[in-house]
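# Understanding the architecture of this molecule
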Amino acid sequence: MTQRIAYTKPSITELEVDYATDAARNGWGAQCYDYIHRLERDFAAHLGVAHAVATSSCTGAMHLGLAALGVGAGDEVILADSNWIASVAPVVHLGATPVLVDILEDTWCLDPALVEAAITPRTKAIIAVHLYGSMGDMDRLLEIGARHGVAVIEDAAEAIGSSWWGRRAGSMGAFGTFSFHGTKTMTTGEGGMFVTNDAALFAQVTTLSNHGRDPSEPRQFFPTVTGYKFKMANVSAAIGCAQVERIDDLIAGKRRIMELYRALLSGVDGLSLNAEPDGTVNGYWMPTVVFDRDTGVSRERLISAFQEADIDARVFFWPLSELPMFDTRPGNVIAHDIASRAINLPSYHDMDEAAQTRVAAVITGMLTA
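Scoring rules and cut-offs
- Residue positions are given per chain, counting from 1 as you read along its sequence in written order.
- In keeping with the model being predicted, local features are shown solely for residues with a pLDDT of at least 70 and side-chain atom pairs are shown and tallied solely at 80 or more, while totals for entire chains, interfaces and linings include all residues.
- Hydrogens are left out, water is left out, and the side-chain values use all remaining heavy atoms of the structure.
- The definitions used throughout rest on a 1 Å grid laid over the protein atoms alone, on which a cavity is an enclosed set of points accommodating a 1.4 Å probe that cannot get out and a pocket is an open set flanked by protein within 12 Å on both sides along at least five of seven lines; lining residues are those having an atom within 4 Å of a point.
- Grid points are joined across faces, edges and corners, and a volume is the space filled by probe spheres set on the points.
- Here the term charged refers only to Asp, Glu, Lys and Arg, the term nonpolar to Ala, Val, Leu, Ile, Met, Phe, Trp, Tyr, Cys and Pro, and the term polar to all other amino acids, Gly among them.
- Only strands joined by at least two bridges in the DSSP assignment are considered to pair.
- The way it works is that DSSP assigns letters per residue, a run of H or I at least four long becomes a helix, a run of E at least two long becomes a strand, and they are numbered from the N terminus.
- The salt bridge criterion pairs a side-chain nitrogen of Lys or Arg with a carboxyl oxygen of Asp or Glu, the two atoms within 4 Å.
- Buried means the residue's accessible area, taken with a 1.4 Å probe over protein chains only, is under 20% of the maximum for its type, while exposed means over 50%, and partly exposed covers the values in between.

## Re empty space enclosed by the protein
Sizing a probe to match a water molecule and rolling it over the atoms shows the empty space that remains. One pass over the structure, following the stated rule, counts three cavities of 30 Å³ or more. Taken as a whole, the largest cavity spans an internal volume of roughly 90 Å³. What lines the largest cavity is a set of 14 residues, and nearest its centre among them are Lys 9, Lys 184, Thr 185, Lys 254 and His 349. Among the residues forming the lining of the largest cavity, the class breakdown is four nonpolar, seven polar and three charged.

Shown next as structure tokens:
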């Protein structure tokens, strides 16, 4: 009987165990924020940004950033239809209206031309989600945002290790957000990070993230605004500190896995893999196969084939407009089409060649069945 292949699992070494143990034993009282502050400092240095705030999730980081920008009722926020619900949920919770536009066929990220066409006097922000590690066209999006006076935000939850012409994902917009969920390239178990180069925005988010308490307020337990509780735990941050020390290796592991998939599937007609256009680096958080339309391979057939092979695989994100909580049905043809014939492949850090060969065999088998 073959061993089941997981689609993802974290890379945890003795370093993470040691740091987490130290936080559990000693990270209390005056030391209760030590690993949190260290993680914020080290992650900001990795990205090359001025400020970082560790949060309980990427969703929380996005909520804080949007709230600090003043996004609320009557506002519109543009984002791609191909996304996980976490990217749009804070928009809805803040009372704004999500405007879902179609994606580019190669990178699966926002189509800048459609973004500009969707801008109205009510547009408050554009959320550029770097899907599965692919980079959105940041030059065009930032130019559009600047010309229309609209903030461009980077959801880099899936883009650790990705970059756009030498600038790391998450470092270019008004702010960026990251996920450290257990499935991500770098993990704290659950957790995320808000990053920005805007000192005023950083100050607002720092206050909002801790029940509205301004760090400069001299009165103890005296909130100045009604804030949120989106802080990361110190023990979680300790794991993250170890992961940041190992981040180059973790990123290299993702790229190594993608390179082997490309080699195993080279010369196979009827499919395409994650793009890496000139000037970009793709962190390849989730290697993905998209089958050509004329192959007749469907999402449902793919799910069944991988289940039969005892391999975990994930569907390409359902378009948000297909979900029952959204009552608008934009005609985003590419988002709906790609999701119907694509699959995310297993890609955990320590995945070996034998496991990847098993995965590749299922893919090629779909084209010969």
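Having seen the model, we can carry on.
## Description of the sheet that holds strand 11 (residues 280-281)
One open sheet accounts for three strands, arranged 7-6-11; its pairing is antiparallel. Looking at strand neighbours, the two that pair on one side only are strand 7 (167-168) and strand 11, the edges of this open sheet. As judged from the two bridges shared by strand 6 (residues 163-164) and strand 11, these two strands associate in the antiparallel manner. Counted as the bridge partner of Trp 164 is Thr 280 from strand 11.

## So, the pattern of salt bridges
Summed over all chains, the structure comprises 17 salt bridges. Close ionic contact of Asp 139 with Arg 167 constitutes a salt bridge, the shortest N to O distance being 2.8 Å. Of the two residues, Asp 139 sits in helix 6 (residues 138-148) while Arg 167 sits in strand 7, which places them 28 residues apart along the sequence. Asp 139 sits in the partly exposed class, given a relative accessible area of 37%.

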